[in-house]
Amino acid sequence: HDHANHVGRRPGRGPMPITFVHDKRRRRLLAVASGRVTINDVVAFISAQDAAGAWSDGVLLDASSSETVGFEQDSMRLVANQMKAVARGRKRGPVAVVADPARVAEVTRLYVYLCGQVSGLTIGVFQDRDEAEDWLDRIPLDPGDRPAPA
């Protein structure tokens with residue numbers, strides 16, 4: 001059964017900025033970023049996705065009500081390095097990011113940079129959650145860590 005996971009700052013140090021539920025049937029991680037999100041929160045989210053056995057699954061990250069702090073090309077290198085370390089040669093599932101319409105261009109620039117650093121990365125940036133879901137539904141997923149069906 002699915003349950004919410006909280007990633008980011010520890011209790012007593014502010015709210016958890018990224019929460020997610022892993023829908024194993026659909027092979028999709030439904031994540032919501034809220035409040036102030038730092039690069040370290042994103043790095044922790046990448047590790048948590050791997051720990052949940054969802055590295056090759058699709059990700060819907062709703063960041064439309066979050067404020068990113070310190071997201072520049074230099075710090076995005078940390079995210080790229082974490083992705084490469086966690087991937088261990090496995091294909092990363094597609095990531096759909098829902099962004100505040102006023103920040104779509106800025107968010108897209110950062111993710112275009114990230115895609116240039118991590119081979120095989122497929123990321124879409126959207127203003128609307130339904131549009132992001134439709135995009136994810138159209139992308140075939142890699143078998144990932146799952147054994148081949150008998």
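Quick caveat, the model's predicted, so the values are computed rather than measured.

Let's shift gears to the nonpolar core. Counting residues in each nonpolar core, the largest one holds 36 residues, and the members touching the most others are M76, V79, Y111 and L114. When residues of this core are traced back to their parent elements, those giving at least two are β2 (18-23), β3 (28-38), α1 (39-51), β4 (58-69), α2 (73-87), β5 (95-98) and α3 (104-117). If we skip the residues at most four places from it in the chain, Y111 touches L61, M76, V97, I123 and V125. In terms of nonpolar packing, the next biggest core, distinct from the first, is built from seven residues, L60, F126, W135 and L136 among them.

By the definition in use, this model includes two aromatic pairs. Taken together, a centroid distance of 5.8 Å and an interplanar angle of 70 degrees make the contact between F20 and F45 edge-to-face. Linking F20 in strand β2 with F45 in helix α1, this pair joins segments that are 25 residues apart in sequence. Here F20 falls in the buried class, since its relative accessible area comes to 2%. The exposure class assigned to F45 is buried, which follows from its relative accessible area of 5%.

Below, the discussion takes up the pattern of salt bridges. Inspection of every chain in the model, using the stated rule, returns 10 salt bridges. Here D137 and R26 are joined by a salt bridge, their closest N and O atoms 3.7 Å apart. Residue D137 is found in helix α4 (residues 129-137), and its partner R26 is found in the loop between β2 and β3; the two are separated by 111 residues along the sequence. For the salt bridge of E133 with R28, the shortest nitrogen-to-oxygen distance reads 2.5 Å. In this pair, E133 is assigned in helix α4 and R28 in strand β3, connecting sequence segments 105 residues apart. Pair check on accessibility: E133 and R28 agree, each one buried.

A separate point is the packing of α2 against α3. Axis separation between α2 and α3 bottoms out at 9 Å; the angle between their running directions is 45 degrees. Classified by the interaxial angle, the pair formed by α2 and α3 is oblique. Crossing handedness for the pair α2 and α3: right-handed. Counted together, Q73, M76, R77, V79, A80, M83 and K84 of α2 and L110, Y111, Y113, L114 and Q117 of α3 form the full contact between these two elements. Tallied by class, the residues present in the contact of α2 with α3 amount to eight nonpolar, two polar and two charged.

Reading the values: the criteria
- Residues numbered from 1 in each chain as written.
- Predicted model: local features only at pLDDT ≥ 70, side-chain atom pairs only at ≥ 80, totals over all residues.
- Heavy atoms only, no water.
- Core = buried A, V, L, I, M, F, W, Y, C linked by side-chain atoms within 4.5 Å.
- Buried < 20%, exposed > 50% of the residue type's maximum accessible area, 1.4 Å probe, protein only.
- Helix = DSSP H or I, 4+ residues; strand = E, 2+ residues; numbered from the N terminus.
- Contact = heavy atoms within 4.5 Å.
- Phe/Tyr/Trp six-rings, centres within 6.5 Å; stacked < 30°, edge-to-face > 60°.
- Salt bridge = Lys/Arg side-chain N within 4 Å of Asp/Glu carboxyl O.
- Axes fitted to C-alpha atoms, helices over the stretch in contact; angles between N-to-C directions.
- Parallel < 35°, antiparallel > 145°, perpendicular 65-115°, else oblique.
- Left-handed = near helix turned anticlockwise from the far one by under 90°.
- Nonpolar A, V, L, I, M, F, W, Y, C, P; charged D, E, K, R; others polar.

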